[in-house]
Amino acid sequence: MAVSSETDWVSRFADEVIAEAERRAPGKTIVCASGLSPSGPIHLGNLREVMTPHLVADEIRRRGYECVHIISWDDYDRFRKVPAGIDPAWAEHIGKPLTSVPAPHGSPYANWAEHFKAPMIAALAEMGIEFHGISQTERYTSGAYREQILFAMRERERIDAILAQYRTKDKGASPAPRQTPVDEAEAAAVEGSGAATEDDGSAAAGYFPYKPYCSACERDLTTVTSYDDETTELAYTCVCGFSEVVRLSEHNRGKLVWKVDWPMRWQYEGVVFEPSGVDHSSPGSSFIVGGQIIRDVFGGDQPIGPMYAFVGISGMAKMSSSKGGVPTPADALEIMEAPLLRWLYARRKPNQSFKIAFDQEIQRLYDEWDALARKVADGTALPADLAAHARAIGTAAGPLPTTPRPVPYRTLASVVDVAAGDPEQTLRILRDLDPADPIESLDETRPRLDRATHWVTTQVPVEQRTRVRDEPDAELLASLGDAERESLRLLLEGIDEHWSLEALTTLVYSVPKLQAGLPADAKPTPELKVAQREFFALLYRLLVGRDTGPRLPTLLLAVGAGRVRKLLDA
Ligand SMILES: [Zn+2]
């Protein structure tokens, strides 16, 4: 379904992009774009760079327009530093294009860039994101940008004059293009593309927006020493001692500096929509400078480009981080289903920041998501919520896979926790949740079950995991007073006929009421609430040896009637 205009931020951008595309080139395929640097693991925070144009492009397609979403892989950028955990010998590759650096040890991929692109491509496929990937290595080394490069060199004085308006004395300290650090603590792990600290083309011999990679050592530690517009002969020297003269009309081993490269590509691809991180709102940022360069030099139009806010992560357990503490979209998709992850982006405007929960908060998030699904089903969802839901569960190409029986995530997490991953025990507990309509196979609860399992095993700290007692706590049982013994007796008496999630919930709340001489449906009073809390704490101590644990009805189902009797028999 196409969502009518004005319902949410995605529709409003789609309106704007369609109008702008019609103004520029009526009837042509509309181009939305993202850029990603495979300089290392691609951070979950950078998913917004893709999700923002994806959602807009998807809405445009839902309205029946041809629209392509380009993901430009900045894989011709220089390798800047050896990340933690990588053989320090990789330092010899610093300055080479990312596609010329060997992949880390043990990787099946041909080079560094491919190694880090692959998991991102898999995650994007799982999320239903349709895109056209463009390798900048392929583009530059095939000579695709020949005319644009020669043009930029001819126009170098004008480009230099524009850049000069923005240069400050701390030149080179500008933030990485389009790479969004998740928060300051993680920023260091997310160093962006090679463009981040590159010079803008200034050299002693003049200004040159083109930087060759050295023919001898492949690194970009080169300096252009002269250029002849007539012959296109370009002379350069390299710190390795090599120097040569090449003909730029034939040379394919170099690239335009970032601040010229980006607007050149807007023009080349005809990009109408491309967002960028908030770090671009400052004067002198690539987006601002690029806008002036495309207008004044290339004679084109800057894309519509909203600034998007940072996306943070809450509580990713360090123990699960095999990639130097940098959570990736693949990590998120191991603990949550693709529609939920899509929803987080769809429901917030790009300028609103939010966090992706790896901690207990994920359970509340899932509750909220399930509540929304119920509202959508019964027709009570608000238009903006309805739009966000529709964008989350599918794309113009069709719906994404769903879980046939969406048991609450927190229930699944408790079941998995108590069953310690045992599939037979898990199925037994799930079957008992609702005896009137029993779950017959674990597959009915997948993939949500698998995500909850992964969350429990990788993100819940060991000390918060539940361990059901093997043997009764004889000492505690012997110390109980008459009222406590009576409460246990009332519970055990009722469990067989209350063996479902709903009925056990009623039972555990009613035991203290019956003891107080009240009917089972009595309204809770402050005294009753205290009695219920004390009763629950006693049950937790006897069942799992702690004062708290998973919700009691789930815990009782998980432990099983036989073992409950054994552990609570006073
Ligand atoms: Zn060299």
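Residues numbered from 1 in each chain as written. Predicted model: local features only at pLDDT ≥ 70, side-chain atom pairs only at ≥ 80, totals over all residues. Heavy atoms only, no water.

The protein is annotated in an unreviewed UniProt entry as Lysine--tRNA ligase from Microtetraspora malaysiensis. The UniProt entry for the protein carries the following text under Catalytic activity (unreviewed entry): "tRNA(Lys) + L-lysine + ATP = L-lysyl-tRNA(Lys) + AMP + diphosphate". (UniProt positions renumbered as here; feature names shortened; annotations may be inferred.)

A. Looking closely at the overall build of the protein. A tally of regular secondary structure across the protein gives 22 helices and 16 strands. Principal-axis analysis of the C-alpha atoms places the extent of the protein at approximately 100 × 55 × 40 Å. A separation threshold of at least 6 residues defines the contact pool for the protein, and within that pool the share at least 24 residues apart is 71%. Accessible surface, the protein: about 24400 Å² in total, of which carbon and sulfur atoms supply 52%. Measuring between centres, the 63 positive side-chain charges of the protein sit 2 Å from its 82 negative side-chain charges. (Helix = DSSP H or I, 4+ residues; strand = E, 2+ residues; numbered from the N terminus. Contact = heavy atoms within 4.5 Å. Areas by Shrake-Rupley, 256 points an atom, 1.4 Å probe, with all protein chains shown as cover. Lys, Arg positive; Asp, Glu negative; His and termini not counted. Charge placed at Lys NZ, Arg CZ, Asp CG, Glu CD.)

B. Structural detail: unusual backbone geometry. Of note, the amide linkage connecting arginine 446 to proline 447 takes the cis form, showing an omega dihedral of 5°. Locating proline 447 in the fold gives a position in the loop between helix H15 (423–433) and helix H16 (448–459). The phi dihedral of threonine 232 is positive, around 60°, even though this residue is not glycine. Look at threonine 232 and you get buried, because its relative accessible area is 10%. A positive phi angle, near 50°, is found at alanine 420, a position not held by glycine. Here alanine 420 falls in the exposed class, since its relative accessible area comes to 63%. (Buried < 20%, exposed > 50% of the residue type's maximum accessible area, 1.4 Å probe, protein only.)

C. Structural detail: the coordination of the zinc ion. Distances from the zinc ion to its protein donors, Cys214 (SG), Cys217 (SG), Cys238 (SG) and Cys240 (SG), fall at 2.2 to 2.4 Å. What the 4 donor atoms of the zinc ion show is an angle range of 102 to 117° at the metal, which sorts the shape as tetrahedral. Going along the chain, you hit the donors of the zinc ion in the pattern C-x2-C-x20-C-x1-C. When its relative accessible area of 16% is taken as the criterion, cysteine 217 is described as buried. (Donors = N, O, S within 2.8 Å, 3.2 Å for Na, K, Ca; no water. Tetrahedral: all angles 85-135°; square planar, octahedral: opposite > 155°, others 65-115°.)

D. Focus on the environment of proline 26. Relative to the assigned elements, proline 26 resides in the loop between helix H1 (9–24) and strand S1 (30–36). Given the relative accessible area of 61%, proline 26 is considered exposed. When the C-alpha atoms of proline 26 and aspartate 569 are compared, they prove to be 79 Å apart, with 543 residues separating the residues in sequence.

E. Quick look at the pairing of strand S3 (residues 132–135). As paired elements, strand S2 (residues 67–73) and S3 share 4 bridges and run parallel to each other. Each residue of the ladder has a partner; that of tryptophan 73, found in S3, is serine 135. (Pairing = 2+ DSSP bridges.)

F. Focus on the pattern of salt bridges. For the structure shown, the criterion picks out 41 salt bridges. Glutamate 155 serves as the salt-bridge partner of arginine 158, at 2.6 Å between the closest nitrogen and oxygen. Residue classification places arginine 158 among the partly exposed positions, given a relative accessible area of 40%. Because the salt bridges share partners, they merge into one network encompassing Asp8, Asp15, Glu59, Arg63 and Arg391. (Salt bridge = Lys/Arg side-chain N within 4 Å of Asp/Glu carboxyl O.)

G. Structural context of the environment of isoleucine 159. Within the secondary structure, isoleucine 159 is located in helix H6 (residues 156–166). Along the primary structure isoleucine 159 and glycine 241 are separated by 82 residues, whereas in three dimensions their C-alpha atoms are 29 Å apart. Excluding anything up to four places from it in sequence, isoleucine 159 contacts Ala152, Tyr207, Pro209, Val260, Ile293 and Val297.

H. Local environment of the sheet that holds strand S7 (residues 222–227). Reading across the sheet, the 3 strands line up as S7-S8-S9 and stay open at both edges, with antiparallel pairing between neighbours. Each edge of the open sheet carries a strand with a single partner, namely S7 and strand S9 (243–247). The sheet shows a mean angle of 25° between the axes of neighbouring strands, taken without regard to direction. In this sheet, strand S8 (residues 233–238) lies alongside S7 in antiparallel orientation, the contact comprising 5 bridges. Bridge pairing links serine 226 to alanine 235 in S8. (Axes fitted to C-alpha atoms, helices over the stretch in contact; angles between N-to-C directions.)

I. Structural context of the nonpolar core. Core analysis: the biggest nonpolar cluster contains 106 residues, and Leu341, Tyr345 and Ile356 have the highest contact counts within it. A total of 8 residues in this core trace back to one element, the largest contributor, which is helix H20 (residues 526–544). Other than its neighbours up to four places away in sequence, isoleucine 356 contacts Leu44, Val311, Gly312, Ile313, Ser314, Met336, Leu341, Leu344 and Tyr345. Ile159, Cys238, Val260 and Met264 belong to the second-largest nonpolar core, a separate cluster that totals 41 residues. (Core = buried A, V, L, I, M, F, W, Y, C linked by side-chain atoms within 4.5 Å.)

J. Looking closely at the sheet that holds S3. If you trace the 3 strands from one edge of the open sheet to the other, you get S1-S2-S3, paired in parallel fashion. Because the sheet does not close on itself, it has two edges, and the strands there are S1 and S3. Between one strand axis and the next, the sheet turns by 25° as a mean value, whatever way the strands run. Here S1 pairs with S2 via 7 bridges, running parallel. Residue pairing across strands places cysteine 32 opposite histidine 69, the latter belonging to S2. Across the sheet, helix H2 (residues 47–62) touches S1 and S2, and the angle it forms with S1 is around 165°. Most of the contacts of helix H3 (residues 112–126) go to S2, to which it runs at about 160°, and overall it touches S1, S2 and S3.

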